[in-house]
Structure formats: structure tokens, C-alpha cells
Amino acid sequence: MIKSLWIKFLILLFAVSVIALSAAYFLRGLMVRDFRAFLEGEREDRVYWVTADLEATYDRYHDWNKDVIGEDAVWALMLGFEIRILDNKGLLVMDTEKALAGLSPLVRSRVLSVSELSPREQAGPYLPYPLFLAGNEIGRLEVRFLKPGKESVFIERSNTFLLFSLIALGGLALVLSFIVSRKLTRPIKRLAAAAEAVSEGDLKTRVPITGKDEICRLSETFNRMTQTLETQEVLRKKLLSNTAHELRTPLTAMQGELEGMQDGLIPADKLHITSILEETARLKRILNGMEELAQAQASALTLKKEDIDLGKFLPLIASRFQASAHEKGVELNVGYERGISVYADPERLSQIIVNLLSNSLKATDRGGSVTVSATRKGDGVLVEIQDTGSGIKPEDLPFIFERFYRASDGGLGLGLAIVKELVEAHGGRVEVKSEYGKGSVFTLSLPSQ
């Protein structure tokens, strides 16, 4: 169970809560210690006040005036301590009890209420403070501190508050840790379950996306990955099916002829051997086409892009077809804007243009024309191959970029599929407009940088 990510998150959050509460307890201890140190300093100051007043009284009367020092004893009690005053022979002159006895009952009651606690309820030793006058010891003040009621209230309340914090905030932290850890790990669990489903072959699995954090971006990436895998799986199955279909025809023909020769029904002469060789050549063309298609699909990872000046590139490509166009009686034109360039792989771009030009020349009869042009559009470049050839039937138009789809006899139906793969590998797109019997226009949208 400890291996669960949820439990780890829960333990982590709970540990943070415990550390925070422990820090509060530690800080409370420091505050109480400083508060007590402050009160002790205050008490010492008050003792010195009483000491100074007693010494001044002795100086004024040249002896211990019991009425005056009785007032000092009452004052000391209200300051928070009871006292005993002894002369230089160690005899008791005055103490708090005698001072209180000399007061009226009403005044005594008020003094005791101000002092908060009765001195008799206090326990603890008396602390001696010598009394001096002109360098001579005139007696001794003994002090016993009362327990400060305000200090007790403060500490008691701080203890109550701390206990409440530990119970309430600790419980709240535990509940929040439970909720937050579940919330944090829920999308991760969904991702793990989806990944397991994909590993078992379910490529239709998708992860619900809520929010905009890193886990959501991971979920989006996972969904795109599964979408790509599903698409690739569909293409793979379709490719295998189409390949099997295309290979079956020549193989069946070759097998039939070879079996006929084996049985003596077909002579092993030059005519029939030539027929088998033609079917072999057809098989080779299919395999070469499949290899080109596979290279086109993988080209996104192997493109060597650079800036290509179309003003030099397109005329050079067109020059390869000038002789065949002239022989066929087709006019081949090239047009482009000055200084126009595209960011692409020269070899792959050449393969795209050559494929489209070759198709256009095949579809165009004598007296027709084929035009290659390049224009700027926004941040990209449009390259068009336009012909006045036979065009494409409306029912064939949606499928011409599909693998092995042939709108007419001849060819393997892979040329335009390869063009589409290469264009998309460059981050562009290819479109076609055609009117049957009047011609076609293939448009390439490619990035200029």
C-alpha cells in the first residue's frame, strides 16, 4: 500500500502539517519564555523601587519609621511581592503581615484585591536584598514574589489555544491532505489506466482534461499520442491490406504461368518468360513505391531544411521536363515573385514538384499547357502546378491522395500519397481543384521560414 502515489502524497502533506504545528508549538514556547523573562525583569525593577524608597525613608528619619515603611510594605504587596524589613542587627522591623494588620478592614480588602492573591497562599523562599546608606549597611530587605495572576491567565490561554490548534488545525490538515492527495493523484491514476489500456491494444482510449496545469498538458499530449497511434494503426492496416491486394495480382499471374509450365500446359518459351518478367517488374515497382512511401512517412524526422530561392529552384526543376514537354507539344511555363524563398529540404521539395509536374504532363494533351508558379501569402508561400489536361472526375477527387487509389489506369496510386506525406512533413498542406475535361490545379502551402 505504501507504494501507492496517493499514500505518498498523503504522508507528505500530513508531514508538512505536523511540521507546521510543531513550529507553532516551538514558537509558543519561545514566546512564553520571553514573556516570563520580561516579567522577571519587571519584578526586579519593582524590588529596586522599594529598596530605593526604604533607603530614602531611613535617610530622612535616621531610623526605621514603622508607619512609613508599613506603607512601603503595602505598596510592595500591590507591586506583586511580600516583604520583610530587618535592621542591621537582624531584628524584624516590619513585614507585609504587620503592615496589613495596621490597615482598616476596608482598605485591607481593597489592597488584597489589587494584589490578586493573599500572601499566605504563596510558597517559596525569601530573597535577601541588602540596604545601604552612605556605604554602611542599615538593614536587609527580604522579598518573596507572589505568583502573577496575569501571567497564569496568559499561559493558560496560550495552552488552551495551542491545544485547540493541534486538535482543530491538525484534524483539518489531515482532512485536507486526504482530499488534496486524492485530487492530485486522480488524473495520474487515469493516465496510468489509459496507458495500460493502450499497452493492451486499446488505441481509442482518451483521458478527460480539466484545468490548465502540467498534468492537464500531459493529458493533452497523451491524447495526441494515442490519436496518432490510432491513425498510424489504421494506416498500417490499410497499407498492409492495399499492399497485399496489389501484390496478389502479379503473384497470382506468375504462379498460374509457372504451374502451367510445370504441368506442361504452357510452353516455357520466350513469350511466357517475358510475361513473368513483366509481372516481376510490376512487383518491384510496387515494392519501390512502398519504400518511397515509408521514407516519406519518416521524412519528418530526417528533413534537412534550408532557405531555397524558388526563383532559381523552380526553373531548374522545370528544365528537366522541357524536352519531354516539347516532344509532346505541351507548353511548360514557370512564374514566381522576385526574391521569393521557402524553408524546406531541397531533395524532398524536388521530389514533390517532380511528381506533380510528371502527373500534369501525362494528363495534358498536345496544344495544352502546364504552369508552375510561386507567390507569397502571409507568412508562407503558395506553389501551384496548373495544367489544362483531362482533369479529375468529381467522384475521384476526395480520394486521390489515398494510398493505392488510382483515378485512371496505370501507376500504383502512391505518387500523390507520397506528395501529401512530404508536404505535411514540412508543416504545410496540399490541395487540389479540378474540373473534369478542363484541367487541374495542385496548390502547395509551405512555410517561408
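In this report, the structure presented in the accompanying data block is examined. This one's a predicted model, so the numbers in the text were calculated from it and none came from an experiment.

### Examining the sheet that holds strand E10 (residues 429–435)
Adjacent strands of a sheet form backbone hydrogen bonds with each other and so pair up, either parallel or antiparallel. Here we have 5 strands laid out as an open sheet, ordered E6-E8-E9-E11-E10, and mixed in their pairing. The open sheet has two edge strands, strand E6 (331–336) and E10, and neither has a second partner. The average undirected angle you get between the axes of adjacent strands in this sheet is 15°. Contacting E6, strand E8 (369–377) and strand E9 (380–387), helix H8 (residues 310–328) crosses the sheet at an angle of about 180° to E6.

### As for the sheet that holds strand E2 (residues 92–95)
Read from one edge to the other, the open sheet built from 4 strands follows the order E2-E1-E4-E3, with strand pairing classed as antiparallel. Strands at the two margins of the open sheet, each flanked by one partner only, are E2 and strand E3 (127–133). Pairs of neighbouring strands in the sheet enclose a mean axial angle of 25°, with direction left out of account.

### Things to note about the packing of aromatic side chains
Think of a pair of aromatic rings as described by two things: how far the centres are apart, and how the planes are tilted against each other in angle. Tallied over the entire structure, the rule returns 3 aromatic pairs. Between tyrosine 48 and tyrosine 129 the ring centres are 6.3 Å apart and the planes differ by 90°, which places this aromatic pair in the edge-to-face class. Highlighted residues: tyrosine 48 in helix H1 (residues 5–61) and tyrosine 129 in strand E3, separated in sequence by 81 residues. For the ring pair phenylalanine 81 and phenylalanine 145, a centre distance of 5.8 Å and an interplane angle of 70° mean the geometry is edge-to-face. A residue pair is termed long-range when its members are at least 10 positions apart, and phenylalanine 81 in strand E1 (residues 81–87) and phenylalanine 145 in strand E4 (residues 136–145) qualify at 64 residues. Residue phenylalanine 81 is classed as buried on the basis of its relative accessible area of 0%. Residue placement shows arginine 43 over the ring face of phenylalanine 145; its charged tip is 5.5 Å from the ring centre. It is arginine 84 that lies over the ring of tyrosine 126; its NZ or CZ is 3.9 Å from the centre.

### Side note on the environment of glutamine 322
Inspection of the secondary structure assignment puts glutamine 322 in helix H8. Overall, the relative accessible area of 36% leaves glutamine 322 in the partly exposed class. Residues glutamine 322 and leucine 332, spaced 10 residues apart in sequence, show a C-alpha to C-alpha distance of 6.8 Å.

### What to know about the pattern of salt bridges
In the structure shown here, the tally under the stated rule is 9 salt bridges. Ionic pairing is found between glutamate 142 and arginine 84, a salt bridge with its closest N-O pair at 2.6 Å. You can see glutamate 142 sitting in strand E4 and its partner arginine 84 sitting in strand E1, a full 58 residues away along the chain. In this structure, arginine 140 engages glutamate 142 in a salt bridge whose closest nitrogen and oxygen atoms are separated by 3.1 Å. When its relative accessible area of 27% is taken as the criterion, arginine 140 is described as partly exposed. Here the salt bridges share partners, and the residues they tie into one network are Arg84, Arg140 and Glu142.

### Description of the pairing of E4
Where E1 meets E4, 7 bridges bridge the pair, whose relative direction is antiparallel. Residue isoleucine 83 lies in a different strand from E4, and its bridge partner there is valine 143. Bridge count for E3 against E4 is 7 bridges, and the pairing is antiparallel. Across the sheet, the residue bridging to leucine 131 is glycine 139, located in E4. Between E3 and E4, which pair antiparallel one after the other, the connecting turn spans 2 residues, and alanine 134 there sits at a positive phi close to 55°.

### Describing the nonpolar core
Of all hydrophobic cores here, the largest spans 39 residues; its most connected members are Leu310, Leu349, Leu357 and Leu444. Listed by contribution, the elements that provide at least two residues to this core are H8, strand E7 (341–344), helix H9 (346–363), E8, E9, helix H10 (415–425), E10 and strand E11 (439–447). Counting residues per element, this core draws most heavily on H8, which supplies 7 residues. Core analysis: the next-biggest nonpolar cluster, separate from the first, contains 25 residues, Val50, Tyr58, Ile69 and Val143 among them.

### Structural notes on the packing of H9 against H10
At a closest axis distance of 10 Å, the pairing of H9 and H10 adopts a crossing angle of 145°. In the packing of H9 onto H10, the handedness of the crossing is left-handed. From H9, Arg348, Gln351, Ile352, Asn355, Leu356 and Asn359 reach across to H10, where they touch Gly415, Leu416, Ile418, Val419, Leu422 and Val423. Looking at the contact of H9 with H10, its residues break down into 7 nonpolar, 4 polar and 1 charged.

### Regarding unusual backbone geometry
At histidine 62, a residue that is not glycine, the phi angle is positive and equals roughly 60°. In this structure, histidine 62 sits in the loop between H1 and helix H2 (66–79). Its relative accessible area of 64% is what places histidine 62 among the exposed residues. Positioned with a positive phi, alanine 134 is a non-glycine residue whose angle comes to about 55°. Mapped onto the fold, alanine 134 is located in the loop between E3 and E4.

### Some words on H2
With 14 residues, H2 ought to run about 20 Å at 1.5 Å a step, and its terminal C-alpha atoms sit 19 Å apart, in line with that. Listed in full, the buried residues belonging to H2 are Val68, Ile69, Gly70, Asp72, Ala73, Val74, Ala76, Leu77 and Leu79. The backbone nitrogen of aspartate 67 lies 3.1 Å from a side-chain oxygen of the residue at the head of H2, namely asparagine 65. Just past H2, the residue glycine 80 takes up positive phi, approximately 115°.

### Observations concerning the packing of H8 against H9
Between H8 and H9, whose axes approach to 11 Å, the crossing angle comes to 30°. Considered as vectors, H8 and H9 are oriented roughly parallel to each other. Along this stretch, H8 crosses H9, giving a crossing that reads as right-handed. Contact with H8, carried on its side by Leu310, Phe313, Ile317, Ala318, Arg320, Phe321, Ser324, Ala325 and Lys328, involves Pro346, Leu349, Ser350, Ile353, Val354, Leu357, Ser358, Leu361 and Lys362 of H9 and no other residues of that element.

Thresholds applied
- Residues numbered from 1 in each chain as written.
- Predicted model: local features only at pLDDT ≥ 70, side-chain atom pairs only at ≥ 80, totals over all residues.
- Heavy atoms only, no water.
- Pairing = 2+ DSSP bridges.
- Helix = DSSP H or I, 4+ residues; strand = E, 2+ residues; numbered from the N terminus.
- Axes fitted to C-alpha atoms, helices over the stretch in contact; angles between N-to-C directions.
- Contact = heavy atoms within 4.5 Å.
- Phe/Tyr/Trp six-rings, centres within 6.5 Å; stacked < 30°, edge-to-face > 60°.
- Buried < 20%, exposed > 50% of the residue type's maximum accessible area, 1.4 Å probe, protein only.
- Lys NZ or Arg CZ within 6 Å of the ring centre and 35° of its normal.
- Salt bridge = Lys/Arg side-chain N within 4 Å of Asp/Glu carboxyl O.
- Core = buried A, V, L, I, M, F, W, Y, C linked by side-chain atoms within 4.5 Å.
- Left-handed = near helix turned anticlockwise from the far one by under 90°.
- Nonpolar A, V, L, I, M, F, W, Y, C, P; charged D, E, K, R; others polar.
- Expected span 1.5 Å × (residues − 1).
- Polar contact = N/O pair within 3.5 Å; in protein donor to acceptor, adjacent residues only side chain to side chain.
- Parallel < 35°, antiparallel > 145°, perpendicular 65-115°, else oblique.

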